[in-house]
Amino acid sequence: MAQCVQSVQEFIQDTFVPMVAVLCSEAADSSTRKNNLSFAELVRPFCRLTSEVHMRDPNNQSHVIKNLRISVTGIVTQPPQQTAIRKLLSEVVSASQPAEGLVANVITAGDYDLNISDRSVKASVPWYNNWKDTLTQLSSSKFHAATTPWFEAYRECFFQSMSPSDHEFLHHYLACMLVASSRDPDPVDQFLKLSQEQHRIQHSSDYSYPKWFIPNTLKYYVLLHDVSDGEEQRAESVYEEMKQRYGTQGCYLLKFNSRIPSSGADEQIPDPWSQYLNRNNLQNQETSEDDLVPPLSKNKENSTNALELDGLDHPINDGIPNNFKSHPFEEDDLVKSGELDGPHRPKSVEIMNDSVKQNSSSARGLSLTLTDHDRIRQFILEFTFRGLLPHIEKTIRQLNDQLVSRKGLSRSLFTATKKWFSGSKVPEKTINELKNASSLLYPPEAPELQIRKMADLCFLVQHYDLAYNCYHTAKKDFLNDQAMLYAAGALEMAAASVFLQPGAQRQYPTHYMETAIQTYKDLCKNLVLAERCTLLSAEILKSQAKYSEAATLLIRMTSEDSDLRSALLLEQAAHCFINMRSPMVRKFAFHMILAGHRFGKADQRKHALRCYSQAMQVYKGKGWSLAEDHINFTIGRQSFTLRQLDNAVSAFRHILINDSKQTAAQQEAFLREYLYVYKSVNQSSPDGPLPQLPLPCINSSATRVFFGHDRRPSEGEKQAATHVSLDQEYEREASQQWKELEEQVAAMVNKGTVPQNFQLTQYCLNSQTDNLRFPVAVVEEPVTVEVAFKNPLKVPLLLKDLSLLWKFNFRDFNKSLEGDVRESISNEKDAHSKASHSIGTEVISEFQINGEETKTARLKLLPHQTGELHILGVVYNLSTVQSAPTQDGLDSSPVMQVAGSCLNASNLNASNLYSGKSGSKQQIPHSLRHQPSSSDQLEYFHGLSWTEGKTAHGLSVRGRQDLEIQGLRLNNTKEEKTSVKYGSDRRLDPIITEAMPLLEVFFINFPTGLLCGEIRKTYVEFVNVSRCPLTGLKVVCKDPDFFSFGSKTAVLTPLSPTASENCSAYKTVVTDCACMSSAVTSSVSPADFGMGTGNPLWVTDVPLPDSVLLPEASVQLPMWLRGPDEEGVHEINFLFYYESTKPQSKLSHRILRHTAIICTSRSLSVKATACRSNVLEADEQSDSDNLLVFLDVANINTSEAGVREFHIIQVSSGSEHWRLQKCINPAEDKDAKLSSRERAKLCFRATRCQNSEATSCTERKYIFADIVLGSEQIISATTPCADFFFQSCYAARSRKTTPQTTMGPGRPKTGDVTKLVQRCSEVDLNIIVLWKAYVVEDNKQLILEGQLHVALESIGKEACSLPQVQETQEMVLLKFTRAEQPQLPARPSMEQLSHLIKISFHYPQYYDHPFHQKSLCFVPVTLVLFNCCQIEVDIIIDLRHKATSPEMLEVHGSFTWLGQTQYKIQLKGQEVYSVPLKACFVHAGVYNLGTPRVFAKLADQSVQCETSQQNSTPALIIINSI
């Protein structure tokens, strides 16, 4: 139930009040007109008595009357026309809108917070974001206002517009005030004339309007005295004469106009007339006696079914249909019918309008003071006490006496007498005739009417008990006579009397009201009385909390004859549903939609908008998408018609941005509606900012920004560097690798540390990159923004003139910020401009997005000046794609099906909207189509699109969408972790810096597939495409052993691949076959190949000529590639780093990325083992320490690459300490050929390099020894062999996980000794195996070449060229152990000590001796000892036999050593010592001389160990007897 200002009792009491007529003289009227008021208007605010009054009932009991109000109106002789009343009611409802500033009424029902108030529109429409805050604020207020003042205004105007009827007397005049002025020439004579005029109006047959209660009407004579313009003495004398003529009870002297305008100009006098005259226009038509409103039509209708309404001049007919289904204010049809045109045009409407304008524009009561107000109030009180109430009391007594005098008669006899003597009544009625019972008329003197008259009088003076008895009695008489109209009236008022009885024991007779309504509506066909009865009953039921019954009554009263009445009643029914004990929220919303629909048909657009907006509160966000679309569509249309263009755009926007379930045709219709409304908004404010467009949807977080030119594509054998582009997908792991590479080169440039202000170069920014800093762009290099559009509709969208929206701030970064302040510019005002002096903007002429498609657009900006650029969004023209003509009708869509169900639920037929097939343009009435008008108002019609006929060529509107990107959530500090905070995202705010060099790199003949270890020579072209020279070009790569630019020394780098036969990538020399077995040595420094200079291994300097690449210059450099040792697909990342010759403050360097994809196949597998050689010469110091190197080479190629066979053409070594000496392979074929799955074994002798040979005074040098197995020698000490050799060596060292432990000066001596002992078994020898492979490809034989590296680290440990695959360790259980005591420094193991000394026996292999001459044979033997380590070693030689088995005794017992049996010797580091021995033999045979036992121990250690070579080196001698 809507909140009301009055209670139900006050409402009913004020509806039925005593009526008093007024007749004024001209002089009296002119006196009141000084205050812009008629006499009736003058006294109207004072017509409610503030004190209780008393009167006597027929039983002489005192009866109290509270808050009595009387109605004083001027006499008009003709009621207004029906059309005027309808228009007046419509104007009253239109004028009564939700008041601004009043507090809302918030209802909470379940999950719904409904704002049923003046702010309901703001709180419910989808574009109002803070409606929850509004509800909270409003619900906490203590003030409440009427939520439906338009309904109360309509109800009040409706009751006042009701014409007095013959079947009831509630609106008949009880008295008449005759008003004359003291300025009249003869006031008494004037009173006589007014009295005669009143008598003539009441009793003459020429006047049937107004109605009078009794023939003897009370006449009350009032003399007006204008104090400001009149003689008070004359007024007093006239009043004395009046008292003598009419008595003191029948006249009154009213003095007013006491205010002097000049003296009281500043005095503020209240205006009590505004609340009456502005609210209601019906009673503003008071006229003087000589200037009554003339008749409007001579052809007055006197039908018996005519319903006479009170308050206006003209009669109206009941049952006139409503001709304003779509436009109640439109007068075209009325003009055609002649009702409102020509001589019959109602001037009362014009008079009303003029009166309203006059009353609203001019002040009232300007000549009155507060004393005059009190005088008028006292006048009304005197009139009521002395005149009206005594007259009513007298009349009640007379009527009661008449009724009491008839009590003795039999009721049946009385009824029979009435039937005989009442000639105007039909004695009997058939069943069919009962339907016309409303035409029955009683004569004025009929007893039944006397009872009704007494009942009405009692009701007017609040004597409800007596009134009910009279109504009940009259009701029985009327029902007996089958006078249904009279009976319905008696039932209606009897029910009201029961309700108004204070403390009544009777229950409110609801069935009385229901019977009365049904009788009025069905039998009497009087909808006006039915509506009155419905309004009264509904208010009574709502006061008793019977909301369901009240809603049923209100809904039942809706019909097609009046859209306005139906809309108001449906709205009140909706309020009933929401105020039930268990609020029926969905029923409330549904009936609000029905009410809004009927308001729209009644041309009450603001109320229709309000109803739909309130209903939206329920349907919004509940999954009722079709209902939401219908509501938003209607809100949009009504808002557009009301010129609320922003609201209309927002409503249509809401339809388009949601996940719509409409069909494609319906979505297209919605889109056209939106575009048309949007275009109207733009035309209304052409100079305003570009508004936001809802379509297509933009995923702002998916926006990507690319800085720089698009790279040139590959041309033939030239392959451009891949760099960065928008076509590449972002990979976090790859990005981290690029970051490490850039930090590596930045640290190298900055002397080993990364600068604090280092900013990672990011050419492509997206949601996953670090966007906290402002990106840097370069002048004259484009900025490309990729925007992701999504079309949520099923119809295609066409974006025209699509471009970026930006703002630019000029700034010179070489100057201070204070000295370089310039004005910022933007292309918002001129967004379609393609070029600018500061920023060039690319414009895409057409960009089409199909239905439900996600599509990206790449838009470019070209900065021409330095400064700060801010990319705000995109701007474009949104239009529909031209297609085949479609129907614009919306009735067949799901939205209109919802609307249709609403209409059917309200007993409305959708076919009443228009006839013919839905959507058919030919059958739509012409009056319903859009007609252009000067005010550009559009017809409101649900079944027809207003854009019909206007979109033949497609609508196009211009707008913008902002790119608002939210940064990543912060999660570093505790505050950030406990709250939700987001960082900034600067990807759209680049800084434009000065010109920088721009490098492009092309790879010429760059392979995609290689064999493992294959060497291939290519060329790289570096091009500077900018206008600035570049320098400091470096390349960073995590795989430095994959490529090489050659050595720093030109002598070591071959100039051209054609310098030797077969286009070899190596530097080759033809050799003589005679010297092939011995090694050719050469020495080079690692620094010549970029090693050992302190630079990181990953960073390589590019050898540019003069280290500078001039603008628009290019240079080609050779680059050697070596296939990785591991087969498979390899991604090798190159990062080219370069700088400008002119330092920049914002951009210190630039980079260029390239990713090479190389697929490698198996080639050869090389396994190498080193062991000590037994050859030890006592007189050759150089050959004292030598090794045997065994190579096992296998062909593991699977012939996938078409390799026929491999040739091992050369084996080289590279080391600081060792070199290969010669090949001791017994095979004569030096060129080892390996077919598939074949294996070759090679043996080489390696010797230790001399100190002078390996090292110089200034730097270390590596000794390269080449053993040629083919026809030409490859100079291994030159590029590219030496490059890849050094790179593989350093890369292998860098890949070691545990570096060698450095020992401080406080380290125990034992640790140093242990390290020295370990070095005895270490071998720092790197083997290079160079091969050639013969490949058949396209019936052509190609020769491939390559090299494999094997690093020998220790004696006896096998090394392999293939990278060893580390087996994954199985997961073991976690064990908890006690912390061990710190270990003491490790001592040399026994095995290590056994390798300290190398021994060798020098003796003749065959010795002849004549045993028959001499029985003893003496053979000289030399024992040579060599200390393999760098420290002193104590040696003990024991010549005694130690044999345990008989076999050994047999072998060793046949000879003996002569001389000393034990020697003690101390050998220095690397010292060779010879011990002369003599062996004695007694007979011929084969003997093993290796019986001496050699024990070695460190000079400062007590533990000694026997050398391991005693048993592993047999020394056999053959003694022959001659």
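Residues numbered from 1 in each chain as written. Predicted model: local features only at pLDDT ≥ 70, side-chain atom pairs only at ≥ 80, totals over all residues. Heavy atoms only, no water.

A. Structural view of the sheet that holds strand β57 (residues 1516–1521). Spatially, β48-β57-β54 is the arrangement adopted by the 3 strands of the open sheet, whose pairing is mixed. Looking at the sheet topology across the chains shown, the edges are occupied by β48 (1406–1409) and β54 (1485–1488). Across the sheet, the mean angle from the axis of one strand to that of its neighbour is 25 degrees, orientation sign disregarded. Where β54 and β57 come together, 4 bridges link them in antiparallel fashion. (Pairing = 2+ DSSP bridges. Helix = DSSP H or I, 4+ residues; strand = E, 2+ residues; numbered from the N terminus. Axes fitted to C-alpha atoms, helices over the stretch in contact; angles between N-to-C directions.)

B. Spotlight on helix α8 (residues 187–203). End to end, α8 covers 24 Å across 17 residues, agreeing with the expected 24 Å (1.5 Å per residue, within 8%). Within the span of α8, buried status applies to Pro187, Val188, Gln190, Phe191, Leu194, Ser195, Glu197, Gln198, Ile201 and Gln202. Residues of α8 that are buried sit in contact with β1 (19–24), β7 (173–181), β8 (218–226) and α9 (232–246). (Expected span 1.5 Å × (residues − 1). Buried < 20%, exposed > 50% of the residue type's maximum accessible area, 1.4 Å probe, protein only. Contact = heavy atoms within 4.5 Å.)

C. Region of the structure containing the nonpolar core. Formed by 151 residues in total, the largest nonpolar core has its most connected members in Ile12, Phe39, Met177, Phe379 and Phe459. Excluding its chain neighbours within four sequence positions, the residues that come into contact with Phe459 are Ile12, Phe16, Leu170, Tyr464, Ala467, Tyr471, Met493, Ala496, Ser497 and Leu500. Counting 55 residues, the second largest nonpolar core, distinct from the first, contains Leu802, Ile849, Tyr876 and Leu988. (Core = buried A, V, L, I, M, F, W, Y, C linked by side-chain atoms within 4.5 Å.)

D. Fine view of the sheet that holds strand β47 (residues 1397–1402). The 4 strands lie next to each other as β47-β49-β53-β51, forming an open sheet whose pairing is antiparallel. What marks the edges here is a single partner per strand, and that holds for β47 and β51 (1455–1458). Strand-to-strand, the axes of this sheet are offset by a mean angle of 30 degrees, without reference to chain direction. With 10 bridges connecting them, strand β49 (residues 1417–1427) and strand β53 (residues 1472–1481) associate as antiparallel partners. Across the sheet, residue Pro1420 finds its bridge partner in β53, namely Lys1478.

E. Representation of a nonpolar patch on the surface in the model. A contiguous nonpolar surface patch, about 300 Å² in accessible area, is contributed by Leu1416, Phe1418, Leu1458 and Val1482. Relative to the assigned elements, Leu1416 resides in the loop between β48 and β49. Judged by relative accessible area, which is 37%, Leu1416 ranks as partly exposed. (Patch = residues over 30% accessible without salt bridge, like charges linked within 9 Å, V, L, I, M, F, W, Y side chains within 5 Å. Areas by Shrake-Rupley, 256 points an atom, 1.4 Å probe, with all protein chains shown as cover. Salt bridge = Lys/Arg side-chain N within 4 Å of Asp/Glu carboxyl O.)

F. Region of interest: the pattern of salt bridges. Under the counting rule described, the total for this entry stands at 53 salt bridges. The partner of Asp727 in a salt bridge is Arg858, with the nearest N and O atoms 2.9 Å apart. Within this pair, whereas Asp727 is found in the loop between β12 (718–720) and α27 (732–749), its partner Arg858 is found in strand β20 (residues 854–863), the two being separated by 131 residues in sequence. Taking the relative accessible area as the measure of exposure, Arg858 reaches 34% and is therefore partly exposed. Counted as one network, the salt bridges with shared partners bring together Glu168, Arg452, Asp456, Glu492 and Arg532.

G. Structural view of the side chain of Ser1288. In this structure, Ser1288 sits in helix α31 (residues 1281–1295). We classify Ser1288 as buried; its relative accessible area is 13%. A polar atom in the side chain of Ser1288 sits 3.1 Å from the side chain of His1349. Each residue touching Ser1288, except ones within four places of it in the same chain, is listed here: Asp1041 and His1349. (Polar contact = N/O pair within 3.5 Å; in protein donor to acceptor, adjacent residues only side chain to side chain.)

H. How the structure looks around a negative patch on the surface. Among the surface-exposed residues, Glu729, Glu731, Glu733 and Glu1131 lie close enough to one another that they form a single negatively charged patch. Position of Glu1131 among the secondary structure elements: in strand β34 (residues 1128–1140). A residue is classified by how much of its surface remains accessible, and Glu1131, at 58% relative accessible area, is exposed. (Lys, Arg positive; Asp, Glu negative; His and termini not counted. Charge placed at Lys NZ, Arg CZ, Asp CG, Glu CD.)

I. The environment of His654, seen in detail. With respect to the helices and strands, His654 occurs in helix α25 (residues 645–657). For the pair formed by His654 and Glu628, sequence separation is 26 residues and the distance between their alpha carbons is 9.1 Å.

J. How the structure looks around the packing of aromatic side chains. In this structure the tally under the stated criterion is 46 aromatic pairs. Summarising the aromatic geometry, the rings of Phe1455 and Phe1481 are spaced 5.3 Å apart at their centres and angled 25 degrees between planes, so their arrangement reads as stacked. One end of the pair, Phe1455, is in strand β51; the other, Phe1481, is in strand β53, with 26 residues separating them in the sequence. With respect to class, Phe1455 is no different from Phe1481; both count as buried. Following the ring pairs from residue to residue traces out a cluster consisting of Phe1003, Phe1006, Phe1022, Phe1042, Phe1043, Phe1045, Phe1134 and Phe1136. Over the ring of Phe11 we find Arg155, and its NZ or CZ is 3.9 Å from the ring centre. The ring of Phe1002 has Lys718 sitting right over it, with the charged end atom 5.6 Å from the ring centre. (Phe/Tyr/Trp six-rings, centres within 6.5 Å; stacked < 30°, edge-to-face > 60°. Lys NZ or Arg CZ within 6 Å of the ring centre and 35° of its normal.)

Don't take any of this as a statement about function, it's just geometry.
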